[in-house]
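# Close look at the chain arrangement
In case you want the letters, here they are:
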Amino acid sequence: MSSVLYDNPGPAAKRRNLIWSIVFFILLALGLWWVWRVMDDNEQLEWAKWRPFLAGSEAWTTYLLPGLVNTLKAAALAMVIALPLGALFGIGRLSDHLWVRIPAGAVVEFFRAIPVLILMLFANVFYDKFTDISSETRPLYAVVTGLVLYNASVLAEVVRAGILSLPKGQTEAAKAIGLRKGQTMRTILLPQAVTAMLPAIVSQLVVIVKDTALGGVMIGFAELLNSRKTAAAFYASVIPSFVAVAVVFIVLNFALTSLASWLEKRLRQAKKSTGAVVGVDAVGELATPGAQEHPDFPKGDQPPDKPV
Amino acid sequence: MNLRKVSAAAATVLALSLTATACGSDDKDSGSGDGDGNGKKITIGIKFDQPGLGLKTPDGYTGFDVDVATYVAKELGYDEKDITWKETPSADREEALKRGDVDLIAATYSITDERKEKVDFAGPYLLAHQDLLIRADDNIAKGADINGKKLCSVAGSTSAQNVKKSIAPDAQLQERSTYSECLDAVANGTFDALTTDDSILAGYAAQKQYEGKFKLAGLNLSNENYGIGVKKGDTEMLDKVNKALEKMVADKAWEKAVTDNFGPANYKNEPAPKIGDIVK
Amino acid sequence: MFDFLEGYDLLGAFWVTVQLTVFSGIGALVWGTILAAMRVSPVPLMRGFGAAYVNLVRNTPLTVIIVFTSLGLADIFSVTLGAGGDFETQNFRLAVLGLAAYTAAFVCEAVRSGINTVPVGQAEAARAIGLSFTQVLTNIVLPQAFRSVIGPLANVLIALTKNTTVAAAIGVGEAALLMKEMIETEAQLLLIAVIFALGFMLLTLPTGLVLGWFSKRLAVKR
């Protein structure tokens, strides 16, 4: 293994690396040993506390799986509602008309600048005071509302970036064959942009899944992290229940992250398309209020038009 | 596998999940029945994480509150299988009754003047006292002794307010969302005590995972009269529930529920209170 | 019109938000840079640890991490961070720890992408004059990398500012917790929400503008 930062190790470097490895290994082992010791002292290592989660399904079917279903339900609903809304505002921001562009931009900037928790808390009390939604489904509505408002504004930027990432030649060619603006958007730009956006959309889904947990703690939404509480009370297992919940989240999100990276790789190598893509790394930038420029797509960096 | 297939698959998954959610949310209104049973349903609010009172287990729901509610529901004409149990967190109880999300609430629900403005109470069906749960090898003689000690309770609960206002204003109070979140930290000394009603504490002390670790300090810090919450103004329901509670005491079912649920916890309960007799 | 604000320490709550942001921001910068150094280091074990840390933490909800600092770290592992039984201080410090641990994963990835923007020739020249890995990294590569990652780091900082609201989950008295209390007791729901929304915009928008300006000024012209 070599890198630009260091040469292929010679004998001295090999020895030094070995020493570093050993030192780091000892530090890691000490840390793990401490964790083990403390958990042992607090009886968190007892098989009785791990058994419900590791062997047997009752802990999962009684507590955690219903929570996971709610987590997925909220995330799916939020994504499905936020996408068309985001597309609307994203295209609105690209409009030629000032009276469309400015309000669309203001809405996007506003909701990107606010923590999603503030939106959830507001929605929760709003539904309580002004609607007849029952207290059982109200947390779901509030969580989805908060997630939609925030993520629609992020997705609006993703859509805008997706459209901007397409080579200029696409629009020019559409104009040349006499398509109107709406037609160009609908039949030429959007279909290609959607493909280009896929990695960013999947990547944003991870953010949504993670944010559902906020609703569990702060407004009593019965999602995965919240269901941990009842399970921990019944089995008296704090650490095992945390580990179980964290593992589910990590596996789920890791799968989504991997899917996003795979899609991005496919798109970048694709021969048939323009090669335009809104990458996973761009999402952090697109979620930031006030960020107008997308460093991922400076003009000179656009993929060249390919002969059809 | 090409991209178009992936997109199509993703769209299918999304569509499926939508249908699933649509189906999932259909059955929510069936619970709030208001009639006389006969196959109808009744929704009762309880706690899900209080052993001895209301606990969700893989085999269903157990506890004194659950038994009382089941008995009352039976008297109202509902079979056990017609009962829908719903978790009603402390802060959400009045609102849940007002909206009709639940028909009754039996969730360690103390009768207070403030709450009586918003809901009606049947009962009381149990008299409990605020107490401290401490480590088995520890001792706390009186309420004021917890000044300067580390205490855990639930945010917004009457127990927490009592501590802050009168019992021990100088105690360090950590507020959690449920009592069960305090237990392990009391066990290992991070906190010195958990405070709430002795009936709840006894259940935790007796939970088999914590056997021999905790005891109750045995201080009567307050009187908590547990009532069954009924929607404000529904006097017909109120009367029926009160009659059911009286009958439960008369035919010894109350005694049995106490022995079944508090017996293992060694909880020395007060005798069955008379209906309408609130101990201040 | 604003009578209802009386009795609430609005500025105090936002000050806690700012403190959370600053302290955990510093912590995340330091720990994230160390993680990035590990990820590009010649020691395989360190590379593996850095990669595992980033992948695990990035895919865990921040809420899980913050709640764990209180119910797990403090309760089970007795990590009280020298707060000595003062729960207000303890919860604040635990929140800073959780936020820093979470944000460090994102700082690490930003710094690592910054390291990749430094031209190969820089590192090669440094190695040619006999500098060691640590010297190459600290004297040559990182100073250039940081200038190019100010933009991405600003995004991380703004996300962190918004993420501090999660500290409300363990009872830290920052802006979101105060808002929750206020909208549940006061009648002016919309007005209160707008006030808090504006508060957060005041915190996030200028950060983006100032750091955006810096990132342009300091960008290495190539």
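Small disclaimer: the values here were computed from a predicted structure and weren't measured.

### Digging into the interface of chain C and chain A
Of the residues lining the interface, 55 residues belong to chain C; the matching set on chain A comes to 50 residues. Within the residue set of the side of chain C that touches chain A, elements represented by two or more residues are helix H2 (44-58), helix H3 (62-74), helix H5 (120-128), helix H6 (133-163), helix H7 (175-185) and helix H8 (189-218) of chain C. Residue composition of the side of chain C that touches chain A, grouped by class: 38 nonpolar, 11 polar and six charged.

### Regarding the domain arrangement of chain B
All names here are of chain B. Under the domain assignment, chain B is made up of domain 1 (28-127 + 225-265) and domain 2 (128-216). The C-alpha-based centres of domain 1 and domain 2 are spaced at 26 Å. With 15 residues of domain 1 at the contact, the number on the domain 2 side is 16 residues. Going through the elements one at a time, strand E2 (49-50) and strand E7 (119-135) are the ones with two or more residues in the side of domain 1 that touches domain 2. Considering only residue class, the side of domain 1 that touches domain 2 consists of nine nonpolar, five polar and one charged.

### Thoughts on the confidence of the model for chain C
Taken as a whole, chain C shows an average pLDDT of 90; of its residues, 98% reach a score of 70 or greater. Across the whole predicted complex the pTM is 0.86, and at the interface the ipTM reaches 0.91.

### Describing helix H2 (residues 47-54) of chain A
All names here are of chain A. Among the residues making up H2, those that are buried are Lys-49, Pro-52 and Phe-53. Each buried residue of H2 sits inside an arc of 95 degrees when the element is viewed along its axis, so together they form one side. Turned more than 90 degrees off the buried face of H2, the exposed positions are Trp-47 and Leu-54. Looking at the buried positions of H2, the neighbouring elements they touch are helix H3 (58-93), helix H9 (224-235) and helix H10 (238-269). Two residues or fewer past H2, Gly-56 is found with a positive phi of approximately 90 degrees.

### Re the pairing of strand E8 (residues 150-154) of chain B
All names here are of chain B. For E8, the buried fraction is high: four of the five residues fall into the buried class. Bridge count for E8 against strand E9 (residues 172-176) is five bridges, and the pairing is parallel. Paired with Cys-152 across the bridge in E9 is Gln-174. Relative to strand E10 (residues 193-197), E8 runs parallel, the two sharing two bridges. Looking across to E10, one finds that Cys-152 is bridged to Leu-194.

Conventions used here
Residues numbered from 1 in each chain as written. Chains lettered and ligands numbered in written order. Predicted model: local features only at pLDDT ≥ 70, side-chain atom pairs only at ≥ 80, totals over all residues. Contact = placed C-beta atoms within 7 Å. Helix = DSSP H or I, 4+ residues; strand = E, 2+ residues; numbered from the N terminus. Nonpolar A, V, L, I, M, F, W, Y, C, P; charged D, E, K, R; others polar. Domains from an automatic or database assignment. pLDDT = per-residue confidence, 0-100. Buried ≥ 20, exposed ≤ 12 C-beta atoms within 10 Å, placed from the backbone. Arc of directions from axis to C-beta. Pairing = 2+ DSSP bridges.

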